[in-house]
Amino acid sequence: MKTGDIDPAAVLDGSRIALARALTLLENDRPGADELHAALAARRGRAHVIGITGAPGAGKSTLISALLRELRARARSVAVLAVDPSSPISGGALLGDRVRMGEAGEDEGVFIRSVSARGHLGGLSRTAGRIVDLFDAAGFGVVIVETVGTGQSEVEISRLADTKVVVCPPGLGDEVQAIKAGILEIADVLVVNKADLPLAARTARDLETAPGLRHRPGWTVPVLSTVAIEGKGIAALVDALDRHAQAGGIGRRLRGAPSAGGGGGAPATDDELFEHLQRWRSAGKGVALATVVRTWGSSPRAEGSHLAVEEGGGFVGSVSGGCVEGAVIAEALEVIAHGTPKLLEFGVSDQQAWDVGLACGGKVQVYVERIG
Ligand SMILES: Nc1nc2c(ncn2[C@@H]2O[C@H](COP(=O)(O)OP(=O)(O)OP(=O)(O)O)[C@@H](O)[C@H]2O)c(=O)[nH]1
Ligand SMILES: [Mg+2]
């Protein structure tokens, strides 16, 4: 079967030309895009999708170039989707290896595609999701998505990822406290890049000790230091990414449900939430309910949204679109243990969010109480 003149079988067979044309079809949402996506859907779910976000200039693209080199050295195939890149991800780091290994031509195990954040008919997150699906179906073992973490669409895109890496430049210092409720909260792995610069060690320490940032059900968020321009710390980063894939699983975007080790719950209907609460309680588990009681700015979940948490760390629902879920769950576990309800407040102004490269601005007030 052919869709939009592109043979899905050729994409699955690893034809780079077919893949490139399929990407263009999906990106521009041209006739045949829906059919092509549908034809490939059954082959998704094998790729480890890694989201890399962080402040502008933190070194995301340089880090991805270094990751490409390390992943290729481990014989993993990698596709990269860069959303609105202001600097290119260079395959140049790979060139030396290729020359050394006497290979000719392009590295078949790497594919890099950039897209602009503007002009997507069905929305950027839909387009990005389809491109990730295509890379996955085409057999790339790792799919990396680079976004600058500054807007709501980036939050949506980050939800595609099994593992979310937040790259912090040195010098976050005292701001860590202020911004901990922002993008740092979505991180499964925190990276302090430019570790060759003086303030890096202090930044890493601040991140390590920031309360509520690192403890997740089934996962402790590692704080790693890298010097992307020299390839330092990259092997340890790849190891951490692999460990997270094992702990949290891959194909999260296809499951639509939260999982241990993940950084955000899917919004659930009140009925679904109630069912979970009932089930947990009849299993004799302590449970807590978090409710959004007030929002300011661009906080993604509406007042009245719920997140239900059980004593083992299982959760359903969402109070923030993933941004502060880790912190709310940690607080909910305390509420379950001690019984005292808490009124929590998280957030930063949209301007602050923009300045430091956060995924979402806005503030949210969340009431957490033990049920039963
Ligand atoms: N000193 C030092 N500089 C680095 C390191 N990694 C990247 N840089 C430099 O930081 C600058 C920005 O790097 P990029 O990789 O373009 O950063 P980015 O986060 O992708 O930037 P945007 O896509 O514009 O948000 C470049 O000049 C890099 O050479 C590092 O480990 N140490
Ligand atoms: Mg970049």
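Quick caveat: nothing in here was measured; it's all calculated off a predicted structure.

Criteria and cut-off values
- Residues numbered from 1 in each chain as written.
- Chains lettered and ligands numbered in written order.
- Predicted model: local features only at pLDDT ≥ 70, side-chain atom pairs only at ≥ 80, totals over all residues.
- Heavy atoms only, no water.
- Helix = DSSP H or I, 4+ residues; strand = E, 2+ residues; numbered from the N terminus.
- Buried < 20%, exposed > 50% of the residue type's maximum accessible area, 1.4 Å probe, protein only.
- Contact = heavy atoms within 4.5 Å.
- Axes fitted to C-alpha atoms, helices over the stretch in contact; angles between N-to-C directions.
- Parallel < 35°, antiparallel > 145°, perpendicular 65-115°, else oblique.
- Left-handed = near helix turned anticlockwise from the far one by under 90°.
- Nonpolar A, V, L, I, M, F, W, Y, C, P; charged D, E, K, R; others polar.
- Salt bridge = Lys/Arg side-chain N within 4 Å of Asp/Glu carboxyl O.
- Patch = residues over 30% accessible without salt bridge, like charges linked within 9 Å, V, L, I, M, F, W, Y side chains within 5 Å.
- Areas by Shrake-Rupley, 256 points an atom, 1.4 Å probe, with all protein chains shown as cover.
- Donors = N, O, S within 2.8 Å, 3.2 Å for Na, K, Ca; no water.
- Pairing = 2+ DSSP bridges.

Next up on the list: the overall build of the protein. The helix and strand inventory of the protein stands at 14 helices and 14 strands. Within the span of the protein, comprising 372 residues, buried residues form 53% of the whole. Considering only intrachain contacts with a sequence separation of at least 6, the fraction spanning at least 24 residues in the protein is 71%.

The interhelical angle for the contact between helix H2 (residues 16-27) and helix H6 (residues 124-137), taken along N-to-C directions, is 160 degrees, at an axis separation of 9 Å. By the angle class used here, H2 and H6 are roughly antiparallel. Remark: the crossing between H2 and H6 carries right-handed chirality. Side by side, H2 and H6 meet where Leu19, Ala22, Leu23, Leu26 and Glu27 of the first sit next to Thr127, Arg130, Ile131, Leu134 and Phe135 of the second. Among the residues making up the contact of H2 with H6, the classes are represented as seven nonpolar, one polar and two charged.

Our next topic: the pattern of salt bridges. Within this structure, the stated rule accounts for 18 salt bridges. Among the ionic pairs, Asp29 bridges to Arg126, the shortest N-O distance being 2.9 Å. Here Arg126 lies in helix H6 and Asp29 lies in the loop between H2 and helix H3 (33-40), a separation of 97 residues in the sequence. On the accessibility criterion, Asp29 (23% relative accessible area) is partly exposed. Under the relative-accessibility criterion, Arg126 is labelled partly exposed at 32%.

A cluster of nonpolar side chains, Val293, Leu343 and Tyr367, forms an exposed patch at the surface whose accessible area comes to about 250 Å². Residue position: Tyr367 is located in strand E14 (residues 362-371).

So, about the coordination of the magnesium ion (ligand 2). Within the protein, the atoms that donate to the magnesium ion (ligand 2) are Ser61 (OG) and Glu146 (OE), at distances of 2.1 to 2.3 Å. Of the two residues, Ser61 sits in helix H4 (residues 60-73) while Glu146 sits in strand E4 (residues 142-146), which places them 85 residues apart along the sequence. The exposure classification of Ser61 matches that of Glu146, with both residues buried.

This next bit is on the sheet that holds strand E3 (residues 110-115). Across the sheet, which stays open at both edges, the seven strands sit in the order E3-E2-E4-E1-E5-E6-E9 with parallel pairing between neighbours. Looking at the sheet topology across the chains shown, the edges are occupied by E3 and strand E9 (223-225). Ignoring which end each strand starts from, the neighbouring axes of this sheet average 20 degrees apart. Sheet analysis places strand E1 (residues 48-54) next to E4, joined by five bridges and oriented parallel. By the bridge assignment for E4, Ile52 is matched with Glu146. Along the sheet, H4 makes contact with E1, strand E2 (78-83), E3, E4, strand E5 (163-168) and strand E6 (189-192), crossing E4 at roughly 175 degrees. On top of the sheet, helix H9 (residues 200-209) reaches E5, E6 and E9; it is set at about 160 degrees to E6, its chief contact.

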